[in-house]
Amino acid sequence: MAADKALASSPGSLDARLTQRLKDLRAADLYRSLSAPHGIDLCSNDYLGLSQHPTLKSRMAAAVEAEGTGSTGSRLLRGERTCFSHVEQSFAAFKQTERSLYFSSGYLANVAVLTTFAEAGDVIFSDELNHASLIDGARLSRAEKVVFPHNDAAALERLLAEHERTGQSPGQRFVVVESLFSMDGDEAPLVDYAALCQKHGAALIVDEAHAVGIYGERGSGLIEARGITNDVFVSINTAGKALGVAGAFVAGSENAIEYLIQRGRPFIFSTAPPPATAAALEASLEVMEKAPERRLRLLTRAGQLRARLGLPGNSQIIPVILGDNERALIVAKALQAEGFDVRAIRPPTVPAGTARLRITVNQGLSKIALDRFADALDAAMLDHAVKADTRS
Ligand SMILES: Cc1ncc(COP(=O)(O)O)c(C=O)c1O
């Protein structure tokens, strides 16, 4: 017995466990491999093509020359630089909030927001399709979690009312959603949520990862587009997608941001991002303001591809749901062989049984390239006898 116990906790048995787990992943077609970009980009989040923009590149290179490669410490110690506060002011102005705070990733920003503002006795109402970083943030917080059906404002209202009626968890309520869902490309009913939050005294937290830079008159996101800026407690805006660089901004009131600086563990206990990313983001904001045609072209191209594929909706994220993991892999591979960089998305990124191709459009794609891609997709689906199911 004692010998069994020793074996179970020996490094050798841990290795055996990992080997078995990896084998299980392969058997379920859930094994991932790292693969650099190849072919025409139909899967990145570089929606506006800013990661390759000459102004961003030169400003980033100049900042590396001036500031060095790393920030050398946390923001509250020697890692602070004026370029961080400058870009935070610029981003807050862009988002029309009092203040913003720059994090080194969207994942970190989401964990910071949920673990800092939500306390024991509070309740987080979270859309069932929220991104892993929101799920993990909610899990790490000490608040109660209530998951509501995707984009279902009526169900959310029932749950909020039920909580009020039963007097459970009398603390602060938070409603947490993505504005444009990352794997489905559909939009949250933000106006309904804003009204519900007002009625029930809940704080609305919106992850604008896939909307910032694209939607709204000024391109600041769906919060702007739907006119609910004053109804949102904080938004999280990743800077590694349409903004073309890295990191994320949390935008909100003076008080909320100051509290994050004072109490947000992922902010306090992590090295500040490289200063050059802040310099590149300053350029990104300038380019977005001067070149609105990039976001207009993106949405035109997305509309053209959707129309060609006969899919409703209008966002730049187009899911083609294939269901089965193996099927998704086979169809993705067939498209890759034709020169299109499309990747299969499988659980746990999406719910079991909804493996898919997540096709993303970027503003640099020509209509001809999109038509060629649509032909290749039709052929691959036919070859592999797949009936596409779409949700958007
Ligand atoms: C909705 C959403 N939130 C947050 C993140 C995390 O952002 P980052 O990649 O900057 O860590 C992502 C990234 O994929 C996302 O899709």
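For the structure itself, consult the block above.
As the structure is a prediction and not an experimental result, all values here were calculated from the model.

**Student:** Describe in detail the environment of glutamate 224, supporting the description with residues and values.
**Tutor:** Within the secondary structure, glutamate 224 is located in helix 9 (residues 222-225). When the 21 C-beta atoms within 10 Å are taken as the criterion, glutamate 224 is described as buried. Sequence spacing of glutamate 224 and leucine 50 is 174 residues, and the spatial spacing of their C-alpha atoms is 21 Å. If sequence neighbours within four positions are ignored, glutamate 224 has contacts with Gly216, Glu217, Arg218 and Thr229.

**Student:** Which residues make up the site of the ligand, and what values do they have?
**Tutor:** Near the ligand there are 13 residues, and of these Ser105, Gly106, His131, Ser182 and Ala209 occur at the shortest range. Residue composition of the shell around the ligand, grouped by class: three nonpolar, eight polar and two charged.

**Student:** Residues and numbers for the sheet that holds strand 12 (residues 355-360), please.
**Tutor:** Strand pairing in a sheet relies on backbone hydrogen bonds. The paired strands run either parallel or antiparallel. Spatial strand order, 9-12-11: three strands in an open sheet with antiparallel pairing. Edge positions in the open sheet fall to strand 9 (317-323) and strand 11 (344-345), since each of these has one partner strand only. Across six bridges, strand 9 lies against strand 12 in antiparallel orientation. Bridging from a neighbouring strand, glycine 323 pairs with alanine 355 of strand 12. The sheet strands contacting helix 14 (residues 325-337) are strand 9, strand 11 and strand 12, and the helix crosses strand 12 at an angle near 35 degrees.

**Student:** How would you explain unusual backbone geometry if you had to name every residue and give the values?
**Tutor:** Leaving glycine out, the prevailing phi sign among residues is negative, and the prevailing peptide bond configuration is trans. That bond from proline 347 to proline 348 is cis: its omega, 5 degrees, falls within 30 degrees of zero. Considering the arrangement of structural elements, one finds proline 348 in the loop between strand 11 and strand 12. Residues other than glycine seldom take positive phi values, yet aspartate 29 does so here, at roughly 55 degrees. The topology assignment puts aspartate 29 in the loop between helix 2 (11-27) and strand 1 (40-41). The phi dihedral of threonine 72 falls on the positive side, at around 75 degrees, and the residue is not glycine. As for its placement among the helices and strands, threonine 72 is situated in the loop between helix 3 (54-67) and helix 4 (82-95). Residue classification places threonine 72 among the partly exposed residues on the basis of 15 C-beta atoms within 10 Å.

**Student:** Let's hear about helix 14: which residues, and what values?
**Tutor:** The end-to-end C-alpha separation of helix 14 is 19 Å, in line with the 18 Å expected for 13 residues at 1.5 Å each. Asn325, Ala328, Val331, Ala332 and Leu335 are the residues of helix 14 that are buried. Down the axis of helix 14, the sector holding all buried residues measures 135 degrees, keeping them to one side. Packing partners of the buried residues in helix 14 comprise strand 9, strand 10 (340-341), strand 11, strand 12 and helix 15 (367-383).

**Student:** Please set out the pairing of strand 2 (residues 99-103) residue by residue, giving values where relevant.
**Tutor:** The element strand 2 is largely enclosed, with a buried count of five among its five residues. Relative to strand 8 (residues 248-252), strand 2 runs antiparallel, the two sharing five bridges. The partner of leucine 101 across the bridge, within strand 8, is valine 250.

Cut-off values and rules
- Residues numbered from 1 in each chain as written.
- Predicted model: local features only at pLDDT ≥ 70, side-chain atom pairs only at ≥ 80, totals over all residues.
- Helix = DSSP H or I, 4+ residues; strand = E, 2+ residues; numbered from the N terminus.
- Buried ≥ 20, exposed ≤ 12 C-beta atoms within 10 Å, placed from the backbone.
- Contact = placed C-beta atoms within 7 Å.
- Near = placed C-beta within 6 Å.
- Nonpolar A, V, L, I, M, F, W, Y, C, P; charged D, E, K, R; others polar.
- Pairing = 2+ DSSP bridges.
- Axes fitted to C-alpha atoms, helices over the stretch in contact; angles between N-to-C directions.
- Expected span 1.5 Å × (residues − 1).
- Arc of directions from axis to C-beta.

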